[in-house]
Amino acid sequence: MKLELLPWLILFLPLLAAGGITLFTLRYRTVSALLSIGAIVTGFVLSLVFINANGWQPSSAESIANWLTIGGLHVDFGLKLDALSLMMLLIVTGVGGAIHIYSFGYMHADRSFSRFFAFMSLFTFSMLGIVLANNFIELFIFWELVGVSSYLLIGFWFEKPSAGDAAKKAFIVNRLGDFGFLLGILMVWGLLGSLNFTVLQNKLTADPAVLGGMATVAALLLFCGAVGKSAQFPLHVWLPDAMEGPTPVSALIHAATMVAAGVYMLCRILFLLNADALHVIAWIGGFTALLAALIAVQQNDIKRILAYSTLSQLGYMVMSVGLAGPTPAMFHLTTHAFFKALLFLGAGSVIHAMHDEQDIWKMGRLQKKMPVTFWTFLIGTLALSGVPPFSGFYSKDSILGQALSQGNYALFILGAAVAGLTAFYMFRLFYVAFLGKPKTQAAEHVHESPAVMAWPLRVLAVFAVIGGVIGVSQTYASQFSPGEARESFGQSLVEPLTHSPAGVLVGLAFIAAGFFAARALYRDAASDPLPEKLGGLATAMKHKFYFDELYEATFIRAHDFIAAVMDWIDRWLVEGLCIGLVRGGTDLSGRALRLVQTGNLQTYAFLFVLGVAVVMYFVLGK
Amino acid sequence: MNWSFIIFSVVKIAIVIGVVQGMVAYAVLAERKISAWIQDRVGPNRCAPPFVKAIPGLGPVLIRLGLFQPLADGLKFMLKEDFTPAGVRKVYFWLAPAIAVIPSMLVIAVIPFGSQLGHQQMVIANLNVGILYTFGIVSLGVYGIVLAGYAANSKYPFLGGIRSSAQMISYEISMGMSVIPVFLIVGNLNLNQIIGWQAQHGWLALYSPVSFIIFLVAAFAETNRLPFDLPEAETELVGGYHTEYSSMKFALFFLGEYSNMIASAGMMVTLFFGGWTLPFWGLDHPATTPVAGIAHILVFVVKMLLFMVLFIWVRWMFPRFRYDQLMDLGWRKFVPLALVNILVTAVVLWVMS
Amino acid sequence: MALSDILPDILFYLFAALTLLCGVLVVANPFSRNPVTSAMFLVLTIISMAGLFVLLHAFFLAAVQIIVYAGAVIVLFLFVIMLLDLKEEQRRKIKLFGAVAGLVSVGVIMIISLKALRAARPGANLPAPQLEGGTNALGQLLFTQYVLPFEVVSILLLVAMVGVILLSKKDLK
Amino acid sequence: MHVGLEHYLTVSFLLFGLGLLGVIMRRNLLVIYMSLELMLNAANLALVSFSRFNNNLNGQILVFFIITVAAAEVAVGLALIVALYRKRQSAHVEDLTSMKL
C-alpha cells in the first residue's frame, strides 16, 4: 500500500481546519480548538502511518500536479518526500501538536480563542507546505504564507501596541531577506531554466560548473532568505521582539518550526551552495551564535533569554550547514525543537502561574509549587546546555565534531565557547527563576498548571532526554551521506566519544566552566552581580549591542529620506504632471461629453436619427 | 365593373338603408307592444294622424295597433330642443352619435338578404373575407360610445362609456372565436358560400350549437341590450353614455342600437340558420325567377324578425347582470368555452376526414 | 370599361391622400393639441391604410389591421388618455428646438430615401402582380413555414399580457 | 402612368417621416407612442407592397407578426405610462429626465 494520498491529506488538513474555524465555528471555542488540534494530531498519526508503510525514502518520491505554465516556466504543485521532509513532517506535526494541546490550556481565558487556533492551523499548513515543497515557487509561496501567519500570530494581541510593532517588525525584516531570496530564485531559474529541486540537483550533479561565476552570488542570495527567516545576523533583530506574541506562539514559531525553515531550506538546497558561499554561511552562523549568547547573558525577561538562546542555537545550525554538515545541522534542529519547545512551554507555564510576569528577578523557589514544570524545565536546561546524555549533548557535539573534521579550529573554539556561554546563561536563568528565595509575593503563591499543559511538557521532556539516541541523526545521514553503516543503539549512545573524543572533552570543559560560573554568581543572588564586574560590556549586552539603535540611526533614517524624496517625485512629478494631465484631460472631455446627456428622450431620438441618416447616406444616397 | 354595377349598387344601398330605418322604427313599436303584452298592458293605441280615423273599418284597427306611433316618435325627436350642455367637448359631442350609427349600417353591407333578383345578387358587397369585414366594422362601433362618454365631460356618461367599451371589446373576443368552428366546418369566409353549404348540409346551428349560444349571448352584449345593458344602468349611472344627449342626437344612439340588433339578427340568421334558404318548396338554391327571388327575401326577413322578437322578449324577461358577473362571464366562461369548442370541432373534423 | 382600369388608381390616390392627411393631423394638428384628436385621426389613418391594403389585395391584413389597430390598440390609447386626464398637458406648446430638430431630421431622412427610391426605380421590371393575400394562402404559409415564429409570437403575447397585468396593479404583492 | 411600387413606397416613406416628426417634435408620451405606431404602419405598407409586387407572401406574413408584436408593445408601453403617471403625475417626456446626471 503506497498511501500516496496521505501526504496531501496531511498538508491540507490544517488548512481545512483553519477555513472551517474561520467560516463556521468562530463562536464555538471548544469546537474550534478541537478542530485545529485534531487536524495536526491526525497529521502526525498519518505521517507515522505513511512512514511505516513506505519507509524513509518512498519509491514515489514526488507526487506532482501541474499548477501553471507561463511560457517556459512550468510550476508544479508537488510534494517532495524523502527522509529530510518526512522527518520534518514528524517534527512539525509532533512538536506542533504538543504545542497545540498545550495552547488549549494556556489560551483558555483568551477572548479570541477560536481565532488563535485558526491562525495556528494556518501556520501549520504553511510550515508543512515549506517542508513538502518540491520546487522553489511553491516553497516561496509557503515561505511567504509562514511570514503572513507569523505576522498574524505575533500580533495576536493587536490591542497591545508593542505586539503590533513586533508583528510589523518581524514581517518587514523578513521581507528584506525574502527580497534576496526571490532574486536568488529568479537567478537560478534564469541560469538553469528549472525550479524543481530534483531537476536542479540532477543538472548540478551532471555539470557542477553550470552556474559559473554566478554560483556564489546565487547561493548567497538564496541564503538571504534563510538569514531573514532563521534570524541570522544582521537580520536577527525581529526574533526577540517577536516574544510579544502568546507563549505557545513563541514555542511554535520561534523555537520549533518557523525559524527552522531557514535551516531546512539551506539543507534542501545544499547542492546549490559552493565552497565560498558555505564559508560565508559558516562564519555568519558562528558570529550570530556568539553574539546572541552574549546578549542572552544580560537579559532578565525569561522569554527573551530563551529567544536569544534560540538565536544562538540557530547560529549553530547555520554554522554547521556552512561547515558542509547538513546532518548535524538537522540533527541539532530536531533535538533543539524538542527541548526548546519544552523550555518555552515551561516558561509559559511559569508565566501563566505568575500571572503574566516575565522578569526572572521576580520569581524564585518554584520547585515545590510547580514540580512538573520545575523538573521538565531542568531537563530542557540540561539538554540545551549539552550535558550528557541528554539529546542536546549529542547534537551539539556532532556540530563541534563537524568543525573539527573540517579542520576549522577557529569555529570549533568559537562553538565550544558558545556552548560554555549557553550553559552559563541557562543556569543563570534556572538559578534565579527556579531556585533561591521567592523574590515577590506572586512567586510564593504559584500553582502547578493544569494537566492539559503539563502533559505536553512531560512528553517533550522525554524526547528532550532521548532525542539524541533514537536514530534521528542516522535518518538524516541516510539522506545526506548514503552508504554509511547504521549504528546500533549502544554505538549511538557513545557515538560522540568514539567519533571525536577531543571535541567532546573540550566542549564538556567549557560547559562545566559555564555551569560553575553561573552557580557561583547566581546561587543566592537577589540582584544581578554581573554588571558591576563587567561594566560597559554588560550594559552593551543588556542593550543587545545597540543593534536596534544602530538600525534606527542608519537604515531607517536613510529609508525615511529616500521615502521622502520618492514621495515628492510621486506627488509632484508622477501624480501632478503625468497623471494630473491625463486625469484633467479625461475630466474635461468627460464634462464636455456630459452635456450631450440631456436626459431628454427627443434629443437622443434626434441624434439617433442623424446617425441613421449618415449611415443611410453611405449605404444608399451616394 | 361597369356603370350598371355602380348604379345597381347605389339602388341596393338606398333600399337596404330605407328598409332598415323602417324596421328600426317599427322595432321600437314592436318593443313597446310586446312589453305591454308581457306586462299585461295595452301599449300604444291612440296615435292617429288626421283623416286616418275617417277611413272606415280599417282606420280604428290601425290606430289601436299603434302603427302611427313611430311617425309621432320621429316627429317628436326632431322637434324637441337640441340641448347642448355647457362644458361638453363640442366636436366629439356632435361626432359621437354619427359614429355610433355608421358601423351598424356598414355591417349590413355584407349580409346576403336574398339569392338574386334577375341578375343582381341580393347582397351589397360579396366579399371573400366577409366575416372578417364584419368584425372589423363591429370593432369600430365602440368609438361612438367611448367618444360619447368622453365628450359629455361628466362623471356618469364617462363611467358608462368606459364600461360599455370594455364590455364590447371583451365580448368581441368570444364572439370572434365562437364563429371559428363555423369556418372550420364550411372552409370558407364568404357568407354566400356559408349559406350555400347550409342549403346542402343543413343549418349550422345543429352542427355547432355551442357556437350559436355563445354568439347569441355575445350579440346581446355587443348591442348593449338587456340583460347586458350595464352602460345605461339607470340606478347607478343614470343614463350611461347618452345621459347628456337629447333630441335627434339621442335618437341617433337609439337608431344605432336597433340597427345593431337588426344586423346581429341578420348575422345569426346567415351564419346559423341558413340565411335566405328554406329546406322545403325548392327554396334551397339560388332563385331563377323573380317570384322565387322575392320569396327568398321574405324568408330572410321573417327569420330575422323572429330573432328581433327574441331580442325584445329577452329584454323584458331577464334581470340585469352585475358588472363583475358580466366580465366574469365574458372572460372566464365564454372565452375558454369557445376555445374548447374550436378544439373539439377541429378534432372531430380531423377524425372524420 | 375605362372605369375599371382607372378606378384602382383613383382609389389609390384617394386613400394615399387620406392616409397622409390624417397622418399629418395626428402629429401636427394646427387646431388642437388634444391627444384624443390625435388618436381619432390615427384611427382614420389606419382605416385608410386598410384601404391601401385592399388595393394591394391583402384582404386578410386589411381586416386584421382594422380589428387589431382600430378595434383594440387605439381604444386602449383612448382609455389611457381619458384615465390620465391630460388636461394640463394639452396646453403646452411645441418647443422651437423640437420643431427644428424634427423637421431637420425628417427632411434629411426623406431626401435620402426618396433620392434612393428615384435612383433604384423599383417595379420597372417587375412581373405583373397576381398574388392575393387571402386567408387561405396566408394560413397555409403561417402554419407550415412560419409555424415556429407563430408560436413564439403567441408566447410573446402571453408574456406581454402577464407583464401588463402586473404593471397596472396599484400595489404589487 | 399606372400606380406601381414606387407610389406605395413614397407614401410609406412620407408616412414614416410623419411618424418620425411626431416622435421628435411632440412632447406628450401618448402622442409619441401614436407616432411610433404610424412609423410601424409605414413599414407595414412598404412590406405589403413589396409582397404584392414581388408575388411573394412572406412580406405579408411579416406584417402579420409586426401587427401582433405592435399590439403587445402598445399594451406594455401603455401600462408603463400609466404606472409612470401614477408615480410622477405627468406623461411628458421632458419631465422624465431622472436618468440625467
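Keep in mind that what you see is a predicted model, and the values were worked out from it rather than measured.

Analysis parameters
Residues numbered from 1 in each chain as written. Chains lettered and ligands numbered in written order. Predicted model: local features only at pLDDT ≥ 70, side-chain atom pairs only at ≥ 80, totals over all residues. Heavy atoms only, no water. Helix = DSSP H or I, 4+ residues; strand = E, 2+ residues; numbered from the N terminus. Buried < 20%, exposed > 50% of the residue type's maximum accessible area, 1.4 Å probe, protein only. Contact = heavy atoms within 4.5 Å. Areas by Shrake-Rupley, 256 points an atom, 1.4 Å probe, with all protein chains shown as cover. Patch = residues over 30% accessible without salt bridge, like charges linked within 9 Å, V, L, I, M, F, W, Y side chains within 5 Å. Salt bridge = Lys/Arg side-chain N within 4 Å of Asp/Glu carboxyl O. Expected span 1.5 Å × (residues − 1). Core = buried A, V, L, I, M, F, W, Y, C linked by side-chain atoms within 4.5 Å. Buried area = accessible area lost by both parts, 1.4 Å probe. Polar contact = N/O pair within 3.5 Å; in protein donor to acceptor, adjacent residues only side chain to side chain. Nonpolar A, V, L, I, M, F, W, Y, C, P; charged D, E, K, R; others polar. Axes fitted to C-alpha atoms, helices over the stretch in contact; angles between N-to-C directions. Parallel < 35°, antiparallel > 145°, perpendicular 65-115°, else oblique. Left-handed = near helix turned anticlockwise from the far one by under 90°. Phe/Tyr/Trp six-rings, centres within 6.5 Å; stacked < 30°, edge-to-face > 60°. Lys, Arg positive; Asp, Glu negative; His and termini not counted. Charge placed at Lys NZ, Arg CZ, Asp CG, Glu CD. pLDDT = per-residue confidence, 0-100.

**Digging into the overall build of chain A**
Across its full length, chain A holds 27 helices and two strands. When the 622 residues of chain A are sorted by exposure, 55% land in the buried category. Here the analysis covers contacts within chain A between residues at least 6 apart in sequence; of these, 81% occur between residues at least 24 apart. Of the accessible surface of chain A, which amounts to about 25300 Å², a share of 70% is contributed by carbon and sulfur atoms.

**Observations regarding the overall build of chain C**
Scanning chain C for helices and strands turns up six helices and zero strands. Taken from N to C terminus, the helices and strands of chain C fall in the order α-α-α-α-α-α. Here chain C holds 173 residues, and the buried ones make up 45% of them. Put simply, 64% of the contacts in chain C that link residues at least 6 apart link residues at least 24 apart. Counting only carbon and sulfur atoms, one obtains 72% of the accessible surface of chain C, whose full area is about 9100 Å².

**Structural notes on a nonpolar patch on the surface**
On the surface, B:Trp3, B:Phe5, B:Ile6, B:Ile7, B:Val10, B:Val11, B:Ile15 and B:Val19 cluster together into a nonpolar patch covering about 770 Å² of accessible area. Among the secondary structure elements, B:Val10 is positioned in helix α1 (residues 3–38).

**Here's the deal with helix α5 (residues 130–151) of chain B**
Residues and elements named next belong to chain B. In this model, α5 (22 residues) spans 33 Å end to end at C-alpha, consistent with the 32 Å of a helix rising 1.5 Å per residue. Within α5, 21 of the 22 residues are buried, which leaves it mostly tucked inside the rest of the structure. With its phi angle positive at about 55°, Asn153 sits one or two positions after the end of α5.

**Description of the nonpolar core**
A:Met88, A:Phe136, A:Phe181, A:Trp238, A:Val263, A:Leu272 and A:Leu429 are the most contacted members of the largest nonpolar core, which has 192 residues in total. Setting aside residues up to four positions removed in sequence, A:Leu272 forms contacts with A:Phe136, A:Val188, A:Leu192, A:Leu204, A:Leu211, A:Ala219 and A:Leu222. Membership of the second largest hydrophobic core comes to 186 residues, among which are B:Leu271, C:Val43, D:Leu18 and D:Met25.

**Some remarks on unusual backbone geometry**
Of note, C:His57 is a non-glycine position whose phi angle comes to about 65°, a positive value. Notably, D:Asn55 is not glycine yet its phi reads approximately 55°, a positive angle. Tracing the backbone shows D:Asn55 in the loop between α2 (29–54) and α3 (58–88). Residue classification places D:Asn55 among the partly exposed residues on the basis of a relative accessible area of 26%.

**Notes on the pattern of salt bridges**
Residues and elements named next belong to chain B. Applying the stated criterion to the full structure yields 13 salt bridges over all chains. Glu31 is paired through a salt bridge with Arg315; the nearest N and O atoms lie 3.3 Å apart. Linking Glu31 in helix α1 with Arg315 in helix α13 (residues 290–317), this pair joins segments that are 284 residues apart in sequence. Residue class for Arg315 comes out partly exposed when judged on its relative accessible area of 26%. With its nearest N and O atoms 2.9 Å apart, the salt bridge here joins Asp324 to Arg322.

**Regarding the interface of chain C and chain A**
Facing 10 residues of chain C, the contacting portion of chain A comprises nine residues. For the pair chain C and chain A, the summed buried surface comes to about 810 Å²; carbon and sulfur atoms form 88% of the total. Inspection of the region where chain C meets chain A yields zero salt bridges. Put simply, chain C and chain A have zero residue pairs in polar contact (both at pLDDT 80 or more) between them. The residue makeup of the side of chain C that touches chain A, split by class, is seven nonpolar, two polar and one charged.

**Brief notes about the interface of chain D and chain C**
Listed as interface residues are 71 residues of chain D and, on the opposing side, 85 residues of chain C. Linking chain D to chain C there are four residue pairs in polar contact (both at pLDDT 80 or more). It is α3(D) that provides the largest number of residues to the side of chain D that touches chain C, a total of 23 residues. Grouping the constituent residues of the side of chain D that touches chain C by class yields 44 nonpolar, 19 polar and eight charged.

**A closer look at the packing of helix α6 (residues 155–178) of chain B against helix α3 (residues 59–84) of chain C**
Helix packing for two helices is described by the angle between their axes and how far apart those axes are. Contact geometry of α6(B) with α3(C) gives a least axis separation of 12 Å together with a crossing angle of 155°. Here α6(B) is positioned roughly antiparallel relative to α3(C), judged by the angle of their axes. The element α6(B) and its partner α3(C) pack so that their crossing is left-handed. For the pair α6(B) and α3(C), contact is made by B:Phe158, B:Ile162, B:Ser165, B:Ala166 and B:Ile169 and by C:Gly71, C:Val75, C:Phe79 and C:Met82, respectively. In terms of residue class, the contact of α6(B) with α3(C) is built from seven nonpolar, two polar and no charged.

**Some words on the packing of aromatic side chains**
Residues and elements named next belong to chain A. Enumeration over the complete set of coordinates arrives at 48 aromatic pairs over all chains. Consider the rings of Phe427 and Phe515, whose centres lie 4.6 Å apart with planes at 75°: the pair is edge-to-face. One end of the pair, Phe427, is in helix α17 (residues 409–434); the other, Phe515, is in helix α23 (residues 501–522), and 88 residues separate them in sequence. You can call Phe427 buried: its relative accessible area is 5%. Owing to a relative accessible area of 24%, Phe515 belongs among the partly exposed residues under this scheme.

**Quick word on a positive patch on the surface**
Together, A:Arg365, A:Lys368, A:Lys369 and A:Lys437 make up a positively charged patch on the protein surface. Along the chain, A:Lys369 falls in the loop between α14 (326–353) and α15 (371–385).

**Comments concerning helix α8 (residues 215–229) of chain A**
Residues and elements named next belong to chain A. The end-to-end C-alpha separation of α8 is 22 Å, in line with the 21 Å expected for 15 residues at 1.5 Å each. The buried fraction of α8 is high, at 11 of 15 residues. For α8, the full list of buried residues reads Ala215, Ala218, Ala219, Leu221, Leu222, Phe223, Gly225, Ala226, Val227, Gly228 and Lys229. In the core, the buried residues of α8 are packed alongside α5 (136–154), α6 (161–192), α9 (238–241), α11 (258–268), α12 (275–297) and α13 (302–322).

**Quick word on the side chain of A:Thr376**
Residue and element names in this part refer to chain A. In this structure, Thr376 sits in helix α15. Among the polar contacts made by the side chain of Thr376, one reaches the main-chain carbonyl oxygen of Thr373 at a distance of 3.1 Å. In this view, Thr376 contacts Leu342, Leu457, Arg458 and Ala461; residues no more than four positions away in its chain are not counted.

**Observations regarding the confidence of the model for chain C**
Per-residue confidence for chain C gives a mean pLDDT of 81; residues scoring 70 or more make up 84%. Averaged pLDDT values for the elements of chain C fall to 82 in helix α4 (residues 96–120) of chain C and rise to 90 in helix α6 (residues 147–167) of chain C.

**With respect to the environment of A:Val95**
In this structure, A:Val95 sits in helix α3 (residues 83–106). Sequence-wise, A:Val95 and A:Ala337 are 242 residues apart; in three dimensions their C-alpha atoms are separated by 7.3 Å.

**A look at the packing of helix α1 (residues 5–23) of chain A against helix α4 (residues 113–132) of chain A**
Residue and element names in this part refer to chain A. It is the contact of α1 with α4, at a shortest axis distance of 8 Å, that shows an interaxial angle of 155°. Here α4 runs roughly antiparallel to α1, going by the angle between their axes. Here α1 runs over α4; the crossing is left-handed. Two secondary-structure elements touch here, α1 through Pro7, Ile10, Leu11, Phe12, Pro14, Leu15, Ala17, Ala18, Ile21 and Thr22 and α4 through Ser114, Phe117, Ala118, Ser121, Leu122, Thr124, Phe125, Leu128, Gly129 and Leu132. Counted by class, the contact of α1 with α4 contains 15 nonpolar, five polar and no charged residues.

**Topic: the environment of D:Val93**
Tracing the backbone shows D:Val93 in the segment after α3. With 66 residues separating them along the chain, D:Val93 and D:Arg27 place their C-alpha atoms 5.6 Å apart. Not counting residues within four places of it along the chain, the set of residues in contact with D:Val93 comprises A:Leu601, A:Gln602, D:Arg27, D:Leu29 and D:Ile32.

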